[in-house]
Amino acid sequence: MTSRTIAVFGASKTQPGEAYYEEARLCGRLLAGSGYRVATGGYAGTMEAVSMGAREAQGEVLGVTAPTVFLDRSIANPYLTDEQPETSLTSRIGSLVEHTDGAIALWGSLGTAAELVVAWNVSYVSQFSTVRRKPLIAVGEPWASLIPHLESTLDTEAGLVTLADDVQIAVELLNTTLTQG
């Protein structure tokens, strides 16, 4: 099994049985099945679904939580194999971006967008340092319309975020990128 860790960003409010939840669960299974350790925000919704899927494939799951930020989320999801509490939202996002080998953004809300944009910015500024650029893949909507819009209106390099229609394609792209680099 590889020691690479992949962050997965996504909504906290998806529920079991919903399409986004089941897609996140499949994402976790595919990542763990490919030998990756999975890292999520550690709580409910997409984070729980990814964690569950990874554990179903006997994978390891790191939950980067923020108990002092999310007072309504008293405990992490039960599928984590390791929990890393952070003291702020920015340190939580920073840890998910900095200490992983790549990231996948699933459907989500403002928090997911913040995680994606931080990972995107780290990728962009890597050209000014010795930091290795990491694969960043965004799955489905709203990313399929938002990413091209931001690429064309912001001062960034096109292609830093790879778009994928579904999680199976996202994991295949991740595998290809990481085996080449």
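Residues numbered from 1 in each chain as written. Predicted model: local features only at pLDDT ≥ 70, side-chain atom pairs only at ≥ 80, totals over all residues. Heavy atoms only, no water.

Here we look at the overall build of the chain
- Counting secondary structure elements, the chain contains 6 helices and 7 strands.
- Reading the secondary structure of the chain in the N-to-C direction produces β-α-β-α-β-β-α-β-α-β-α-β-α.
- Counting only C-alpha atoms and orienting by the principal axes, one finds that the chain spans roughly 40 × 35 × 30 Å.
- Taking all 181 residues of the chain together, the buried fraction comes to 45%.
- Put simply, the chain shows about 8,700 Å² of open surface, and 54% of that area lies on carbon and sulfur atoms. (Helix = DSSP H or I, 4+ residues; strand = E, 2+ residues; numbered from the N terminus. Buried < 20%, exposed > 50% of the residue type's maximum accessible area, 1.4 Å probe, protein only. Areas by Shrake-Rupley, 256 points an atom, 1.4 Å probe, with all protein chains shown as cover.)

Some thoughts on the environment of Ile147
- Mapped onto the elements of the fold, Ile147 is located in helix 5 (residues 143-153).
- A relative accessible area of 1% places Ile147 in the buried class.
- In this structure the C-alpha to C-alpha distance between Ile147 and Leu160, which are 13 residues apart in sequence, comes to 9.7 Å.
- Beyond its immediate stretch of four places on either side in the chain, Ile147 contacts Leu116, Trp120, Val161 and Leu163. (Contact = heavy atoms within 4.5 Å.)

Focus on the side chain of Thr112
- For Thr112, the location among the structural elements is in helix 4 (residues 110-125).
- Taking relative accessible area as the criterion, Thr112 reaches 3% and is therefore assigned buried.
- Apart from residues no more than four positions distant in its own chain, Thr112 is found in contact with Phe9, Gly10, Ala11, Leu106 and Trp143.

Considering the layout of surface pockets
- In this structure, the largest pocket spans a volume of roughly 310 Å³.
- Along its surface, the largest pocket is lined by 19 residues, and Gly10, Ser12, Arg73, Gly111 and Thr112 are the ones closest to its centre.
- Breaking the lining of the largest pocket down by element, the ones donating at least two residues are strand 1 (5-9), helix 3 (89-98) and helix 4.
- When residues in the lining of the largest pocket are grouped by element, the largest group, 5 residues, is from helix 4.
- In terms of residue class, the lining of the largest pocket is built from 9 nonpolar, 6 polar and 4 charged. (1 Å grid on protein atoms, 1.4 Å probe; cavity = no way out; pocket = protein on both sides within 12 Å on 5 of 7 lines; lining within 4 Å. Points joined across faces, edges and corners; volume = space filled by probe spheres on them. Nonpolar A, V, L, I, M, F, W, Y, C, P; charged D, E, K, R; others polar.)

Here we look at the nonpolar core
- Residues Ile6, Val8, Cys27, Leu31, Ile104, Leu106 and Leu174 are the most contacted members of the largest nonpolar core, which totals 26 residues.
- Listed by contribution, the elements that provide at least two residues to this core are strand 1, helix 1 (19-33), helix 2 (46-56), strand 6 (136-139) and helix 6 (167-180).
- Beyond its immediate stretch of four places on either side in the chain, Val8 contacts Cys27, Leu31, Val38, Ala39, Thr40, Val50, Ile104 and Leu106.
- Ala7, Phe9, Ala113 and Val161 belong to the second-largest nonpolar core, a separate cluster that totals 22 residues. (Core = buried A, V, L, I, M, F, W, Y, C linked by side-chain atoms within 4.5 Å.)

Focus: the packing of helix 1 against helix 2
- The interhelical angle for the contact between helix 1 and helix 2, taken along N-to-C directions, is 40 degrees, at an axis separation of 6 Å. Taken together, the axis directions place helix 1 and helix 2 in an arrangement best described as oblique. The handedness of the crossing between helix 1 and helix 2 comes out as right-handed. Contact residues: helix 1 offers Tyr21, Ala24, Arg25, Gly28, Arg29 and Ala32, while helix 2 offers Thr46, Glu48, Ala49, Val50, Met52, Gly53, Ala54 and Glu56. (Axes fitted to C-alpha atoms, helices over the stretch in contact; angles between N-to-C directions. Parallel < 35°, antiparallel > 145°, perpendicular 65-115°, else oblique. Left-handed = near helix turned anticlockwise from the far one by under 90°.)

Considerations on the sheet that holds strand 7 (residues 162-164)
- Taken together, the 7 strands give an open sheet; going across it, the order is 4-3-2-1-5-6-7, and neighbouring strands pair in parallel fashion. Edge strands, defined here as strands with exactly one partner in the open sheet, are strand 4 (82-85) and strand 7. The sheet shows a mean angle of 25 degrees between the axes of neighbouring strands, taken without regard to direction.
- Here strand 3 (residues 61-65) pairs with strand 4 via 4 bridges, running parallel. Across the sheet, Thr65 pairs through a bridge with Pro85, a residue of strand 4.
- Here helix 2 sits on the sheet and contacts strand 1, strand 2 (37-40) and strand 3; the angle it forms with strand 2, its principal contact strand, is near 165 degrees. (Pairing = 2+ DSSP bridges.)

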